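Here's the letter readout for the chains.
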Amino acid sequence: STKPNHISFGSGVIIDAKEGYIVTNAHVIKDPELIIVTLHDGTRLKAKEVGKDKMTDLALVQVKSSHLVSMPLSKKKPVHSKTTSHPDQSNSSES
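Just so you know, these numbers come straight off a predicted model, no measurement behind them.

What counts and what doesn't
- Residues numbered from 1 in each chain as written.
- Predicted model: local features only at pLDDT ≥ 70, side-chain atom pairs only at ≥ 80, totals over all residues.
- Heavy atoms only, no water.
- Helix = DSSP H or I, 4+ residues; strand = E, 2+ residues; numbered from the N terminus.
- Buried < 20%, exposed > 50% of the residue type's maximum accessible area, 1.4 Å probe, protein only.
- Areas by Shrake-Rupley, 256 points an atom, 1.4 Å probe, with all protein chains shown as cover.
- Patch = residues over 30% accessible without salt bridge, like charges linked within 9 Å, V, L, I, M, F, W, Y side chains within 5 Å.
- Salt bridge = Lys/Arg side-chain N within 4 Å of Asp/Glu carboxyl O.
- Pairing = 2+ DSSP bridges.

*Asks:* Go over the overall build of the protein with me, naming the residues and quoting the values.
*Replies:* For the protein, the count of helices and strands is zero helices and five strands. Secondary structure elements of the protein, listed N to C terminal, follow the sequence β-β-β-β-β. Looking at the protein as a whole, 19% of its 95 residues are labelled buried. Element-wise, carbon and sulfur atoms account for 53% of the exposed surface of the protein, whose accessible area totals about 8500 Å².

*Asks:* How would you sum up a nonpolar patch on the surface? Please name residues and give values.
*Replies:* Residues Val 13, Ile 15, Met 71 and Leu 73 make up a contiguous nonpolar surface patch of roughly 330 Å² in combined accessible area. Looking at the element boundaries, Ile 15 is found in strand E1 (residues 12-16). What makes Ile 15 partly exposed here is its relative accessible area of 36%.

*Asks:* A description of the pairing of strand E5 (residues 58-63) should follow, citing residues and the corresponding values.
*Replies:* In the sheet, strand E2 (residues 21-25) pairs with E5 via five bridges, with the strands oriented antiparallel. In the strand pairing of E5, Ile 22 is matched with Val 61. Two elements, strand E4 (residues 44-53) and E5, share six bridges in a ladder whose sense is antiparallel. Looking at the pairing, Gly 51 lines up with Leu 60 of E5. Here E4 folds back onto E5, and the loop between the two strands holds four residues, one of which, Asp 57, carries a positive phi near 60°.

What follows is the structure in structure tokens.
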């Protein structure tokens, strides 16, 4: 067996346990010969690239396992905040 030319390490998030989808950074799977995902319990799974977007540096990989748990995602509407300071106002709390 031949060693891969490039080894990368990164993190990812299981977004769909049923389908085995994991989001990671695109630079982590740059030109992959072999993608191995290591879970928190040490389980190692072979993964395949589903797609990646170099502009946002996001990638989607897929593994086959019946023991995955998805990261819970919020179903609430996003909270929008408004900036009230203006460039000509100081943010200091001087009295």
